[in-house]
Amino acid sequence: MSFPNGDKYTGDYINGTKTGYGTYYFENGDTYIGTWLNGKKHGKGTFTWITGDNYEGKFFNDLRHGDGKFRYSDGSIYDGNWREDKKHGFGSFCYGNGSGYLGDRYEGDWVRGCRHGKGIY
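The structure presented is a predicted model; accordingly, all values stated were derived computationally and were not measured. Throughout, a residue's number is its position along its own chain's written sequence, starting from 1. Local features in this predicted model are restricted to residues whose pLDDT is 70 or higher, and side-chain atom pairs enter the listing and the counts only when it is 80 or higher, whereas totals over whole chains, interfaces and linings include all residues. Side-chain figures throughout are based on the complete set of non-hydrogen atoms in the structure, without hydrogens or water.

> Looking at this model, I keep getting lost on the packing of aromatic side chains. Mind explaining?
Given two aromatic rings, one states the distance between the centres and the angle between the planes to describe the pair. Two rings belonging to Phe, Tyr or Trp (six-membered ring only in the last case) form a pair when the distance between their centres is within 6.5 Å. Interplanar angles under 30 degrees mark stacking, angles over 60 mark edge-to-face geometry, and anything in between is tilted. Under the definition given, this model contains 22 aromatic pairs. Between Y55 and W82, the aromatic rings sit 5.4 Å apart at their centres with planes inclined by 80 degrees, giving edge-to-face as the arrangement. Of the two residues, Y55 is situated in strand β5 (residues 54-60) and W82 in strand β7 (residues 77-83); the sequence distance between them amounts to 27 residues. For the pair Y55 and W82, a shared accessibility class is recorded, and that class is buried. With centroids separated by 5.4 Å and ring planes inclined at 85 degrees, the aromatic side chains of Y106 and W110 adopt a geometry described as edge-to-face. Only protein chains enter the calculation, and the probe is 1.4 Å; a residue is then buried if its accessible area is under 20% of its type maximum, exposed if over 50%, and partly exposed in between. Take W110: its relative accessible area is 6%, and that puts it in the buried class. Here, a charge over a ring means that NZ of Lys or CZ of Arg falls within 6 Å of the ring centre while also lying within 35 degrees of the ring normal. Note that K18 overlies the ring of Y9, its terminal NZ or CZ placed 5.7 Å from the centroid. Segments assigned H or I by DSSP are reported as helices when at least four residues long, segments assigned E as strands when at least two residues long, and all are numbered from the N terminus.

Dropping the structure here:
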């Protein structure tokens, strides 16, 4: 399916709605490969931004939700829990310096995208 805005989708449909497995190519160069439910990213998938950032993990209702790993274009990596598109719960964040070297690391609790609670830096 090609859309008027330039986006493209290849995959499963049920009753005219993206449901099942498919690949969505955004006009801006971003891509999503994974499962869909009622037209929204849902279940396991990989979202890759044209910037080089990449998320691999679970989605719920179009948002990162559940276990997932986010690789930033500067080499940083967050591996842990997400809720409503934000780091939330337990996770580890390894800070990159852009050259592939992982330096400082935080492992612990997150609340709505911020380090919060018990953790080790």
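> Hey, could you run me through the pairing of strand β4 (residues 40-48) in this one?
Working note: regular strand, side chains alternate between the two faces of the sheet. Pairing between strands requires that DSSP locate at least two bridges from one strand to the other. Looking at chain direction, strand β3 (residues 31-37) and β4 are connected through six bridges and run antiparallel. Paired with L37 across the bridge in β4 is K40. For β4 and β5, the ladder comprises six bridges, and the chain directions are antiparallel. When the sheet's bridge partners are listed, K44 is paired in β5 with K58.

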